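The lines below spell out each chain.
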Amino acid sequence: MTQLALVIDLNTCVGCHACVTSCKEWNTSGDAGPMVDRNPYGAEPTGTFFNRVQTFEVGEFPDTQTIHFPKSCLHCEDPPCVPVCPTGASYKRPEDGIVLVDYDKCIGCEYCSWACPYGAREIDEQQKVMKKCTLCVDRLYDESLPEAERKPVCVLSCPTSARIYGDIHDPESDASRAINAAGGYQLMPEWGTQPANHYLPRRKVSIAVHEEDLQRVDNPLRKEDRGQRAPTTRTTLDDSTSW
Amino acid sequence: MVSARRRHAPRSTIRHPGNGAATMKPAFSVIFLTTLIGAGQGLFLAYYSAEWLVMLNMLQPAGSDYTTLAASISFLLLVAGLLASFFHLGHPERAWRAAAMWRTSWLSREVIALPAAMATVFAYAVIRYFGLDLQVLTLGRIPVSLSTLVGFMAMLAIIALFVCTAMIYASLKFLRQWHSPLTVLNFFLMGMASGFTLATVLAVATSAGPFGYFSAMAVFLTLAALMSRLFSLSRNLNLRSPSTLQSAIGVHHPTIRQMAQGAMGGSFNTRAFMHTYGAGVVRLGRRFFLISGFVLPLLLLFFSEADSLLVCAAALLLQFLGLLAERWYFFIEAEHPQNVYYQMIS
């Protein structure tokens, strides 16, 4: 069974909010109608967003790290918001595991938002219906788009490729490989909701830098040896690795 | 700053646009819905149980019968509750759809149980008013009339409604303060207590009906509701959500501080799950609902006589105001785990 999801790499996210703005742009222009956008240029802008980037500081000064944390609907495999919906407007698609809201059936009772521990759902204050991330379901199967663009718009817009999209039930997908390789985890595992979206943790990155990587021993342009030939009697790294 | 040792952010440090505590925001339409229908349900059960006790010769029939009036008032309270609930909906015109998912949703089940209770209580009142009361069957030597049979169906619908209404809250396992059988017990006992208090007032006002039975039951149910509520208050006192900032973002460092929540002017998350009342108001609300909803009605009902209309009416008024405050506090009490993500704007 397919379970489409996002894998978000906290190690590469730089908190630029490109996913937030592209998400809003795509989804406010869609068939479902515009999303609320109050005081967009005022002191207290507010509105409906499917995706937000939050920022946390971990550690105590001066040993701190800043973590940018994109947050959207996690498309849980056992979504607590779906069974509580009285009208069936909230549903999980069996074919690809995306959790969606039928805006024509939603009565705006907000019960699903009470049942979501992640705060992933937002009432649209103009349309009075509950809205949430659709995983850009209106892109994924749109054959008028080039195949490379049949992905959530947040994934396409991420300049650091911190967002990976794929089927987490397929062990060969990019998403599954990333989860397995980097220790992907789920949010609030204590509730047993089994979020489909995973996060990749911060990782210590170390690169072994050798002298030869910075400076070729037999560099013909070496300033220090200008006018002289590089010694040819010594075997250099280039002799063994260059071809 | 959240530390691992202190499992949950202390309330005083939580900052957001509302400047209140990070709990559920009281939904006033729901507060009126649950208190009004609770009183209506209790009122019907008060008179219907009295009818059975008279039938079983355990209670003296007292004067003329006002069961029709009581059933009508019960019906009106259920209607008023239903009307209040519409104000909670973004699309009340689609409310009929809410009966669809009764297999999984307690809200959907309530949407079925409420009209069922309304219809049976209404039918009961109509049968009584127009005297369509045929004897339909006998239980042993007790003749059972049509109204008793319809009343029995109403009783079942009313009990189902109590369970459904309370389970809407008790079934949400993330809201630990609600996720308890005590929620169901509290809703039942408080609805019954206010219903029997209303029945007592009705018995005094009409100078008919079993005043002694109603007032004694009202005292007993109010006391039981008070004990059950105190028990849940003490249970909730030390309840902590297992969700921490660490589990919420998956970073296992004891010191994590939110720098930005992704929205400058607040969002649905900060408006729906955080109230704006100060700690003093919350404390006052708790004291008020305990005294006005339980202690004062208890005393007034205990010392009331069959002709003390003013005392009984005061008990009813105080109890209803107190129960409104109780339901308000019920929301304030519940901590939503999503609030872990919304502790600081920037």
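Residues numbered from 1 in each chain as written. Chains lettered and ligands numbered in written order. Predicted model: local features only at pLDDT ≥ 70, side-chain atom pairs only at ≥ 80, totals over all residues.

A.B. asks: Just checking my understanding: could you explain the packing of helix 3 (residues 106–129) of chain B against helix 4 (residues 146–170) of chain B for this structure?
C.D. replies: Two numbers describe a pair of packed helices, the interaxial angle and the distance between the axes. Residue and element names in this part refer to chain B. Two elements in contact, helix 3 and helix 4, have axes separated by 8 Å at closest approach and are oriented at 155°. In terms of orientation, helix 3 and helix 4 fall into the roughly antiparallel class. For the element pair helix 3 and helix 4, the recorded crossing hand is left-handed. Classifying every residue of the contact of helix 3 with helix 4 gives 21 nonpolar, 4 polar and 3 charged. (Axes fitted to C-alpha atoms, helices over the stretch in contact; angles between N-to-C directions. Helix = DSSP H or I, 4+ residues; strand = E, 2+ residues; numbered from the N terminus. Parallel < 35°, antiparallel > 145°, perpendicular 65-115°, else oblique. Left-handed = near helix turned anticlockwise from the far one by under 90°. Nonpolar A, V, L, I, M, F, W, Y, C, P; charged D, E, K, R; others polar.)

A.B. asks: What should I look at first to understand the environment of glycine 293 of chain B in this one?
C.D. replies: All names here are of chain B. By the element assignment, glycine 293 lies in helix 9 (residues 279–302). Given 29 C-beta atoms within 10 Å, glycine 293 falls into the buried group. A C-alpha to C-alpha distance of 13 Å links glycine 293 and leucine 198, two positions 95 residues apart in sequence. When sequence neighbours within four positions are dropped, the list of residues in contact with glycine 293 reads Gln319, Gly322, Leu323, Ala325 and Glu326. (Buried ≥ 20, exposed ≤ 12 C-beta atoms within 10 Å, placed from the backbone. Contact = placed C-beta atoms within 7 Å.)

A.B. asks: Can you help me understand the pairing of strand 4 (residues 51–60) of chain A in this one?
C.D. replies: Each regular strand carries side chains that alternate between the two faces of the sheet. Sheet topology note: the strand 4 of chain A/strand 5 (residues 63–72) of chain A ladder contains 10 bridges and is antiparallel. Across the sheet, valine 58 of chain A pairs through a bridge with glutamine 65 of chain A, a residue of strand 5 of chain A. Adjacent in sequence and paired antiparallel, strand 4 of chain A and strand 5 of chain A are bridged by 2 residues. Across 4 bridges, the pairing between strand 4 of chain A and strand 3 (residues 256–260) of chain B is antiparallel. Within the sheet, the bridge partner assigned to phenylalanine 56 of chain A lies in strand 3 of chain B and is glutamine 258 of chain B. (Pairing = 2+ DSSP bridges.)

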